[in-house]
Amino acid sequence: MTTFVADGEAAKAANAALIARLERLPVTRRLTLIRVIVGSATFFDAYTVLAIAFAMPQLVDEWNLSSSQVGLILSAGYLGQLVGALVFGALAERIGRLHTLLITIVLFVSMDIACLFAWSGTSMMIFRFVQGVGTGGEVPVASAYINEFIGARKRGRFFLMYEVIFPAGLMFAGIAAYFLAPVFGWRALFVVGLIPSVLAIPLRWLMPESPRWLAAKGRHEEAETVVRKLEADATKQRLPLPEPVVRPVDTLSAARSDWRELFKGIYLKRTLMIWVLWVCVYMINNGLVTWLPTLYKQVFHLPLETSLAYGWITSGVGVIASVFCALLIDKVGRKRWYAVAFFVTTVPLLVLTALGATTATQVVVLAPIAYAILQTIAFSLYLYSAELYPTRLRAIGTGFGSAWLRAGSSIGPLMVGWIVADLGIRYVFTAFAAVALIGGLVTTVFAIETKGRVLEELSP
């Protein structure tokens, strides 16, 4: 018994020392490379998610799709992402972040090929569902991985400058659609998404496993090797490397991951809160961004090129807002930013309701404003989710949370299709304003602030 306690205390001390060394590391070229490599996969993950929205105006004509069928195809990918987030989040806790990332990339690239040969709405729906399983697993696991390399003071900006690649990928989908779809057809969009994604696969072998995950699994020698390399990089690049400040860490750091812990103690309120935030923000944003190109063409009868260009505007302003958020969120804080963003979003949505959304001009001015404000929440929730859980739960907690992202993303397009068909376009924005209000209230009452705090201090 004495030996067991001594071993446990030694492991606890070793973990505390390792975390202290990680916390003081500067942003080296290796860390930047890790962010770029993971970001390249995330970029084309995002591109793949939205490519179907820009292909849809042509698919509606080619396959004679109804509004309900369009909603089902758009939602199928998000339902697959829900499954992927749950499955691969749990898998990443067992076999590691890198191995799981490789599996997800192979899956969504292979289904990108399958989409090229889709021949009907049903076949596209099936391929998009399976592809969603891969894309749904990649982002939450990548988010946990990136978060675990960087210290508290730099974490928000470092991580979000990686995460901004996701809205950039969404914007790139609109650019590619505008130039390629009218000339080469909708299949060209899937070709573009395929080639760079394939190139990202071998790059996975150039990255180290998360030292926090290795330490949590008791693989201290491997974790020590990774941290030594990062320290050597800082020394070689003549970057400041202050003495580590060792703080006590939790005794459960090497405990086995158990998903049931998400619903116990302090994590129960955090889990339910973050789930509501995921659902609210993505129900609105993916309902908007996936449907707008089709609405411009079908409801307002705009030419294909104009519909795609207007859809691109929405993605473009989302990227600008995301960069702005990445630079400021470490100063403002997560909770304050989210609450203000949710409440302010209701304004353009209610104005659209009051105006009746009777012209494309009204929609193309006000809808992107609402989207851009909420996009600052959407792309940074991976950061916030990863901060709410300890290493043993980080990937699975983020995966479970982002599964509700997929649920919200599935509901959004379906809701738009139903409301447009039965009530008219103006009531879409009424419904979205109500959802944004709920998100703001939940954030104000239940969210916690995480800025500037060490991960192990936030989550024992």
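S.K.: Tell me what's going on with the overall build of the protein chain, and back it up with residues and numbers.
M.R.: Helices and strands together make up the secondary structure of the protein chain, namely 17 helices and zero strands. Since a compact globule built from 460 residues should have a radius of gyration of about 23 Å, the 22 Å found for the protein chain is in line with a globular shape. With respect to the principal axes defined by its C-alpha atoms, the protein chain has extents near 75 × 45 × 40 Å. By residue count, 60% of the 460 residues in the protein chain fall in the buried class. For the protein chain, the proportion of contacts with a sequence separation of at least 24, taken over those separated by at least 6, is 85%.

S.K.: A description of the nonpolar core should follow, citing residues and the corresponding values.
M.R.: Counting residues in hydrophobic clusters, the biggest one holds 135 residues, and the most contacted among them are Met56, Leu59, Met124, Ile274, Val363, Leu381 and Phe429. Here Leu59 is in contact with Ile52, Asn64, Leu65, Met124 and Trp186, once residues within four sequence places are set aside. In terms of nonpolar packing, the next biggest core, distinct from the first, is built from five residues, Ala41, Ile105, Phe108 and Leu194 among them.

S.K.: Account for the state of the cysteines, naming residues and giving values.
M.R.: As enumerated under the stated definition, the model contains zero disulfides in all. Looking at Cys325, it has no disulfide partner, and the nearest cysteine sulfur is the one in Cys280, 18 Å off. For Cys325, a relative accessible area of 0% puts it in the buried group.

S.K.: Before we move on, could you go through the packing of helix α2 (residues 29-63) against helix α4 (residues 97-116) and cite the residues and values that matter?
M.R.: Contact geometry of α2 with α4 gives a least axis separation of 11 Å together with a crossing angle of 40°. When the axes of α2 and α4 are compared, the pair comes out oblique. Crossing geometry of α2 relative to α4 is assigned as left-handed. Residues Ala41, Phe44, Asp45 and Thr48 of α2 lie in contact with α4, whose contacting residues are Ile105, Phe108 and Asp112. In the contact of α2 with α4, the residues fall into four nonpolar, one polar and two charged.

S.K.: How would you sum up the packing of aromatic side chains? Please name residues and give values.
M.R.: In total, this model carries ten aromatic pairs according to the counting rule given. Aromatic side chains Phe263 and Trp275 sit 5.6 Å apart centroid to centroid with 75° between the ring planes, which places their arrangement in the edge-to-face category. With Phe263 in the loop between α10 (220-236) and α11 (265-298) and Trp275 in helix α11, the pair connects residues that are twelve residues apart, well separated along the chain. For Phe263, a relative accessible area of 29% corresponds to the partly exposed category. Here Trp275 falls in the buried class, since its relative accessible area comes to 15%. Here the aromatic rings of Tyr338 and Tyr384 are separated by 5.5 Å at their centres, their planes lie at 80°, and the arrangement is edge-to-face. Highlighted residues: Tyr338 in helix α13 (residues 334-355) and Tyr384 in helix α14 (residues 360-387), separated in sequence by 46 residues. For Tyr384, a relative accessible area of 0% corresponds to the buried category. One aromatic cluster is present, built from ring pairs that chain together Trp63, Trp186 and Phe190.

S.K.: Lay out α4 in plain terms, naming residues and giving numbers.
M.R.: With 20 residues, α4 extends 30 Å from end C-alpha to end C-alpha; this agrees with the ideal 28 Å at 1.5 Å per step. Counted residue by residue, α4 has 14 buried out of 20 residues, so it is predominantly covered.

S.K.: Account for the side chain of Thr443, with residues named and values stated.
M.R.: By the element assignment, Thr443 lies in helix α16 (residues 426-446). A distance of 2.8 Å separates the side chain of Thr443 from the backbone oxygen of Gly439, its partner in a polar contact. Residue contacts for Thr443: discarding those within four places in its chain leaves Leu277, Lys335, Tyr338, Ala339 and Phe342.

S.K.: Any chance you could break down α13 for me, citing the residues and the numbers?
M.R.: Between its first and last C-alpha, α13 extends 33 Å over 22 residues, near the 32 Å set by a 1.5 Å rise per residue. Within α13, burial applies to Arg334, Trp337, Tyr338, Ala339, Ala341, Phe342, Thr345, Thr346, Pro348, Leu349, Leu352 and Thr353.

S.K.: So, the pattern of salt bridges: which residues are in play, and what are the values?
M.R.: In total, this model carries eleven salt bridges according to the counting rule given. A salt bridge links Arg228 to Glu224; the shortest N-O distance between them is 3.4 Å. Here Arg228 and its partner Glu224 are both found in helix α10, four residues apart, which amounts to about one turn of the helix. Relative accessible area serves as the criterion here: at 44%, Arg228 is assigned to the partly exposed category. Classification of Glu224 by relative accessible area gives partly exposed; the value is 25%.

S.K.: Summarise the packing of α2 against helix α12 (residues 304-332); cite the residues concerned and give the values.
M.R.: Here α2 crosses α12 at 160°, and the two axes come no closer than 10 Å. Between α2 and α12, the crossing angle belongs to the class labelled roughly antiparallel. Considering the relative orientation of α2 and α12, their crossing is right-handed. Residues Leu50, Phe54, Pro57 and Gln58 of α2 pack against Leu304, Leu308, Gly311, Trp312 and Ser315 of α12. Its residues assigned to classes, the contact of α2 with α12 shows six nonpolar, three polar and no charged.

S.K.: Kindly report on the confidence of the model for the protein chain, identifying the contributing residues and their values.
M.R.: A residue-level look at the protein chain finds 92% of positions with pLDDT of 70 or above and a mean pLDDT of 81. Confidence, read as mean pLDDT per element, is least for helix α1 (residues 2-23) in the protein chain (68) and greatest for α13 (94). Counting interchain partners and residues more than four positions distant, the pLDDT-below-50 stretch residues 1-6 has zero contacts.

S.K.: Report on a nonpolar patch on the surface, specifying residues and quantitative values.
M.R.: The grouping of Leu79, Val83, Leu86, Val87 and Phe129 at the surface amounts to a nonpolar patch, some 360 Å² of accessible area in total. Looking at the nonpolar patch, the element that brings in the most residues is helix α3 (residues 67-95), giving four residues. By the element assignment, Leu86 lies in helix α3.

S.K.: How would you summarise the environment of Ser409 if you had to cite specific residues and measurements?
M.R.: Within the fold, Ser409 resides in helix α15 (residues 391-422). Among the residues examined, Ser409 registers a relative accessible area of 0% and is labelled buried. If sequence neighbours within four positions are ignored, Ser409 has contacts with Tyr78, Tyr282, Met283 and Asn286.

Thresholds, definitions, all that
- Residues numbered from 1 in each chain as written.
- Predicted model: local features only at pLDDT ≥ 70, side-chain atom pairs only at ≥ 80, totals over all residues.
- Heavy atoms only, no water.
- Helix = DSSP H or I, 4+ residues; strand = E, 2+ residues; numbered from the N terminus.
- Rg over C-alpha atoms; globule rule 2.2 N^0.38 Å.
- Buried < 20%, exposed > 50% of the residue type's maximum accessible area, 1.4 Å probe, protein only.
- Contact = heavy atoms within 4.5 Å.
- Core = buried A, V, L, I, M, F, W, Y, C linked by side-chain atoms within 4.5 Å.
- Disulfide = S-S within 2.5 Å.
- Axes fitted to C-alpha atoms, helices over the stretch in contact; angles between N-to-C directions.
- Parallel < 35°, antiparallel > 145°, perpendicular 65-115°, else oblique.
- Left-handed = near helix turned anticlockwise from the far one by under 90°.
- Nonpolar A, V, L, I, M, F, W, Y, C, P; charged D, E, K, R; others polar.
- Phe/Tyr/Trp six-rings, centres within 6.5 Å; stacked < 30°, edge-to-face > 60°.
- Expected span 1.5 Å × (residues − 1).
- Polar contact = N/O pair within 3.5 Å; in protein donor to acceptor, adjacent residues only side chain to side chain.
- Salt bridge = Lys/Arg side-chain N within 4 Å of Asp/Glu carboxyl O.
- pLDDT = per-residue confidence, 0-100.
- Patch = residues over 30% accessible without salt bridge, like charges linked within 9 Å, V, L, I, M, F, W, Y side chains within 5 Å.
- Areas by Shrake-Rupley, 256 points an atom, 1.4 Å probe, with all protein chains shown as cover.

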